[in-house]
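Residue-level structural notes
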Amino acid sequence: EETLRSRSWVTYMLGSYVPSQMRPAFYAVHLLDMELTKIAENAGSLRSDDYPDAALGKLDFWKDSLSKIYNREKPQNEPLTVSLLQAVNNNPLTYGYFTRMINVRGQEIRNRSISTMAEMRRMADDSKGTMIALVLELLRIEITNESMQRVVDYLGQAVLLLTQIGICEYIRRVPYSLRNNRFLLPEEMLSKYNLTTNNIWNRVYGKPSEELFDAVL
């Protein structure tokens, strides 16, 4: 809990509203998401001949650890893997959601840019959409097409909302990715609004350029 508290105060506070018996699993799932995101973000700063193999190797560690957990094998004795082992053993968490989370970060590492908005929506759904799905499973909320359709009917296209949350995450990471000369925005948008590494961010005032606002809106 203290690790999550230091890395994301908001997520830590949200966890206080989760039933106490499910809270450790809630924190473990979010810490894994943060770890995977960190691996993908830091990969862009690597300047060795091992890029992107070093970052992909770290993702393979988590893929292998989760595979062992679901196959009832003993994973490496590492704090987060131990927490994930307990989370999976005590909650109906779908293995496929974890693999989607890992695979989308691998795609980020291999491809230094995003081509289209459709690709960005899919990646957003594979990252934050799967995170929300895991949380719903923790809360014992069934995630079937029929039940999700009812949610859409009552809350107004909730599936689209999950995707938009993921897209906002990519937009939030723009300043950090620029430090590594990477764009986490679709190339078709960059071309349409004539955005480049030189004009996407006002380096004098440390704020987004007007062109970036136009692209986001």
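1. Things to note about the overall build of the protein
Each helix and strand in the protein was counted, giving twelve helices and two strands. Secondary structure elements in the protein, listed N-terminal to C-terminal, are α-α-α-α-α-α-α-α-α-α-α-β-β-α. Taking the intrachain contacts of the protein between residues at least 6 apart in sequence as the baseline, contacts between residues at least 24 apart amount to 62%. Of the roughly 12,200 Å² of accessible surface on the protein, a fraction of 52% belongs to carbon and sulfur atoms.

2. Remarks on the packing of helix 3 (residues 23-43) against helix 5 (residues 79-90)
Viewed as axis vectors pointing N to C, helix 3 and helix 5 meet at an angle of 130 degrees, and their least axial separation amounts to 9 Å. Accordingly, the angle class assigned to the pair helix 3 and helix 5 is oblique. Crossing geometry of helix 3 relative to helix 5 is assigned as left-handed. Here helix 3 contributes Ala 25, Ala 28, Val 29, Leu 31 and Leu 32 to the contact with helix 5, which in turn contributes Leu 80, Ser 83, Leu 84 and Ala 87. Here the residues of the contact of helix 3 with helix 5 are counted per class, giving eight nonpolar, one polar and no charged.

3. Overview of helix 7 (residues 117-138)
Its 22 residues give helix 7 an end-to-end C-alpha distance of 30 Å, which sits within 8% of 32 Å, the value for a rise of 1.5 Å per residue. At Asp 125, helix 7 shows its largest bend, some 35 degrees. Counting buried residues along helix 7, 16 of its 22 residues qualify, which places the element largely inside the surrounding structure. A positive backbone phi angle near 65 degrees is found at Arg 140, which sits one or two residues after helix 7.

4. Some thoughts on the confidence of the model for the protein
When pLDDT is averaged along the protein, the result is 77; 65% of the residues meet or exceed 70. At the low end of the mean pLDDT range in the protein sits helix 8 (residues 145-155), at 51; at the high end sits helix 5, at 95. Below a pLDDT of 50 lies the segment residues 152-160, which in the model reaches six contacts outside its immediate sequence neighbourhood of four places, other chains included.

5. Some words on the pattern of salt bridges
Tallied over the full model, the rule gives four salt bridges. Notably, a salt bridge pairs Lys 68 with Asp 64, separated by 3.6 Å at the nearest N-O pair. Taken together, the residues span about one helical turn, with Lys 68 and Asp 64 both in helix 4 (residues 53-70) at a distance of four residues. Here Glu 108 makes a salt bridge to Arg 105, at a shortest N to O gap of 2.6 Å. Of this pair, Glu 108 and Arg 105 both sit in helix 6 (residues 95-110), three residues apart, which is roughly one turn of the helix. Judged on exposure class, the residue Glu 108 and its partner Arg 105 are both buried. Each of Asp 33, Arg 105 and Glu 108 takes part in salt bridges that share partners, so that together they form one network.

6. Comments concerning the packing of helix 3 against helix 7
Two numbers describe how helix 3 lies on helix 7: the axes approach to 10 Å, and their chain directions differ by 170 degrees. Taken together, the axis directions place helix 3 and helix 7 in an arrangement best described as roughly antiparallel. Residues Ala 25, Phe 26, Val 29, His 30 and Asp 33 of helix 3 lie in contact with helix 7, whose contacting residues are Lys 128, Met 131, Leu 134, Val 135 and Leu 138. When grouped by side-chain class, the residues that make up the contact of helix 3 with helix 7 number seven nonpolar, one polar and two charged.

Procedures and definitions
- Residues numbered from 1 in each chain as written.
- Predicted model: local features only at pLDDT ≥ 70, side-chain atom pairs only at ≥ 80, totals over all residues.
- Heavy atoms only, no water.
- Helix = DSSP H or I, 4+ residues; strand = E, 2+ residues; numbered from the N terminus.
- Contact = heavy atoms within 4.5 Å.
- Areas by Shrake-Rupley, 256 points an atom, 1.4 Å probe, with all protein chains shown as cover.
- Axes fitted to C-alpha atoms, helices over the stretch in contact; angles between N-to-C directions.
- Parallel < 35°, antiparallel > 145°, perpendicular 65-115°, else oblique.
- Left-handed = near helix turned anticlockwise from the far one by under 90°.
- Nonpolar A, V, L, I, M, F, W, Y, C, P; charged D, E, K, R; others polar.
- Expected span 1.5 Å × (residues − 1).
- Bend = angle between axes of the 7 residues up to and from the residue.
- Buried < 20%, exposed > 50% of the residue type's maximum accessible area, 1.4 Å probe, protein only.
- pLDDT = per-residue confidence, 0-100.
- Salt bridge = Lys/Arg side-chain N within 4 Å of Asp/Glu carboxyl O.

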